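Summary of structural features
Each chain is listed here by its residues.
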Amino acid sequence: MTLAAPRPDRALTPPERHELPPARTWSLADLYPSDDAWRAAKAALVAALPEAEHGRGTLADSPQALRAALDALMALHRELLRLHSYASMRSDEDLRLSAPLAMKQEIALVANDLAARSAWLEPEILAMTRSTVEAHVAAEPGLAVYRHYLDDLLRRQAHTGSAEAERILADAGLMADGPVAIHELLVDADLPRPEVTLSTGETVALDPSSFARWRGVPDRDDRRRVFEAYFGRLHEFRRTLGATLDANVKRDVFFARARRYGSALERALDGFAIPVTVYEGLVAQANAHLGTFHRYLELRRRILGLEQLHAHDLYAALLPEVELRFTVEEAERHVLASCAPLGADYQAVVARAFAERWIDFLPAAGKRSGAYSNGVAYDVHPYILMNFNGKYDDVSTLAHELGHTLHSYLSNRDQPFATSRYSIFVAEVASTFNEALLLDHMLATHDEPKVRLSLLGNFLEGIKGTVFRQTQFAEFELEIHRAVERGEALTGDSLDALYLAIARRYYGHEAGVCVVDDVMRAEWSFVPHFYYDFYVYQYATAFTASSALAERVLAGDGEARQSYLELLSAGGSDYPIELLRRAGVDLTTPEPFAATMRRAERVMDEIEGLLAGSAR
Ligand SMILES: [Zn+2]
């Protein structure tokens, strides 16, 4: 690792794929040796699709028929997922190429065909009584692997209507994506982009992505102007944007009522059987710990050297004079060492990921941006795509994606296919857990004050962005749904007022911790997540769950390590809250949040000590 003066991100032309060192690219040959082999496997799957219709009309009478139907469907899905992984990752290597894109489209058609041919199955099971299903499972040992799947399905009986009602609901689904599509087109494309001239003389046009880039510029007047220009423009369109969000919330309320749920929140959380108290508890906990958040904001003000913190100062780099740089080899070494608390077996799989080309590390022309782990091919190891640029964030991304990869690897190894796939609710625990391990390792091996400040600051930025900001969003989302459920109308103006009130409470506006200027009231209107049906709270719960778990594992608690590894091997064999409870973290209690806050307080103690030291 080196300490370098930060450089502006220049738009360097990335190399073509064939110019990359092969050892730093992934080897998709483990999925299929060639595109031709993929085509042959696809043809075999297409020929086997009629098997999805076996047993139709006979499931209630025969446990063996139920088992045969489920086995056939799972086998088809298993192959479909492998085919899909290959096509989508081939396409992500170079999005400019049409051949891999065509493969992706071909496999999407096969997936549609399989869905249509197997559409009879779940309604036929739902039409059976719970006692019939349970008798089938008792009579046919081969059904044991489907016990959780069947239980999960039967939970839906209470929320399933007559054939006629289901047909109408399916047709209503055609209208359901209207608001999100309109919002995306308006905000990303049609909204006239305001222009701002910065102190450097450069004029920039603002849309969601350029705003995200420019809102953190070092010059304070510049970033204030960026906020005023972009949010000012959004504010001019608040009536339209308000009507769009109102329509989306009404959609959620409509489906919740049609499916006989008590609220839109209840329906959204029922997918993973998450109790509403987990969501409400998160909001209550964040509000109860605003003092910790305000302590950090005050520290941020001090580090930035400002008289008064404003909302437009929240994205400026905390320590612009420090930038840690890493090579891929250094990143691998740090990440591998950081996994030591999880044991030698875990580390051995991480070493395989590096040695056996599971990872596509480097940026290349036409390659998909960002990072992901793809572990859906049950019979093959997972893969990682990333765009490594040598920053600490990139090392942290490697640790994060390896968390997903090891989760997939262990679940695929230890679960039958039917229960191998984990939910998003647990997924982000496994990934952020490894970010916590990495941070701990870096702190244990670096004592230069500037480096420690940078690492600790990075952790607190995570608390700000992942715990408090996402919970602030979650609270706003809850309030707008409750308003519509009470029969109130949402307008641009009422959304402005509600958003500003919540933001001012979170950032301590009244107490002068951080001034949230009037212009911030428009922020709700460009956030796409408010159209995702109660999604963002999971970022916060995953963060608090993983920090509570990591804290115990890092303290050397062998039992905690064992139960955490069992979570990673458990796939989707039970409901997420139950799996996490068994791993040692109970999200129905305030403890995980409180543990995360205790850690944040200790980190701030150290930062204050470092700052006092450097002032001497
Ligand atoms: Zn992730």
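Small disclaimer: the values here were computed from a predicted structure and weren't measured. (Residues numbered from 1 in each chain as written. Predicted model: local features only at pLDDT ≥ 70, side-chain atom pairs only at ≥ 80, totals over all residues. Heavy atoms only, no water.)

**Section: the pattern of salt bridges**
Side chains that differ in charge, positive against negative, can pair when their charged atoms come close. In total, this model carries 56 salt bridges according to the counting rule given. Note that Lys464 is salt-bridged to Glu461, the shortest N-O span being 3.6 Å. Taken together, the positions of Lys464 and Glu461, both in helix α19 (residues 449–485) and three residues apart, correspond to about one turn of that helix. In this structure, Arg581 engages Asp586 in a salt bridge whose closest nitrogen and oxygen atoms are separated by 3.2 Å. Assessed through its relative accessible area of 38%, Arg581 is described here as partly exposed. Judged by its relative accessible area of 22%, Asp586 is partly exposed. A single salt-bridge network, built from bridges that share partners, covers Arg17, Asp35, Arg90, Glu93, Asp360 and Lys367. (Salt bridge = Lys/Arg side-chain N within 4 Å of Asp/Glu carboxyl O. Helix = DSSP H or I, 4+ residues; strand = E, 2+ residues; numbered from the N terminus. Buried < 20%, exposed > 50% of the residue type's maximum accessible area, 1.4 Å probe, protein only.)

**A short note on the side chain of Arg469**
Among the structural elements, Arg469 can be located in helix α19. Arg469 gets classed as buried once you look at its relative accessible area, which sits at 12%. Separated by 3.1 Å, the side chains of Arg469 and Tyr315 make a polar contact. Beyond its immediate sequence surroundings of up to four residues, Arg469 is in contact with Arg215, Tyr315, Lys464, Tyr507 and Glu523. (Polar contact = N/O pair within 3.5 Å; in protein donor to acceptor, adjacent residues only side chain to side chain. Contact = heavy atoms within 4.5 Å.)

**A short note on the coordination of the zinc ion**
Of the protein atoms, only His400 (NE2), His404 (NE2), Glu428 (OE) and Glu428 (OE) coordinate the zinc ion, at distances of 2.1 to 2.4 Å. Given four donor atoms and angles of 54 to 141° at the metal, the environment of the zinc ion is assigned as irregular. Within one chain, the residues serving as donors to the zinc ion are arranged as H-x3-H-x23-E. Note that His400 is positioned in helix α17 (residues 392–414) and Glu428 in helix α18 (residues 424–445), a separation of 28 residues in sequence. The two residues His400 and Glu428 agree in class, both being buried. (Donors = N, O, S within 2.8 Å, 3.2 Å for Na, K, Ca; no water. Tetrahedral: all angles 85-135°; square planar, octahedral: opposite > 155°, others 65-115°.)

**A closer look at the packing of aromatic side chains**
All told, the structure shown has 29 aromatic pairs when counted by the stated rule. On the numbers, 6.3 Å between centres and 35° between planes, the contact of Phe459 with Phe543 is tilted. Here Phe459, found in helix α19, pairs with Phe543, found in helix α21 (residues 537–554); they are 84 residues apart in sequence, far enough to count as distant. The same class applies to Phe459 as to Phe543, namely buried. Taken together, the ring pairs in this structure connect Phe211, Phe227, Tyr230, Phe231, Tyr315 and Phe526 into an aromatic cluster. Here the guanidinium or amino end of Arg82 rests over the ring plane of Tyr32, the centre of that ring lying 5.4 Å away. The ring of Tyr315 is capped by Arg215, whose NZ or CZ atom sits 3.8 Å from the centre of that ring. (Phe/Tyr/Trp six-rings, centres within 6.5 Å; stacked < 30°, edge-to-face > 60°. Lys NZ or Arg CZ within 6 Å of the ring centre and 35° of its normal.)

Interpretation in functional terms is not warranted from these geometric data alone.
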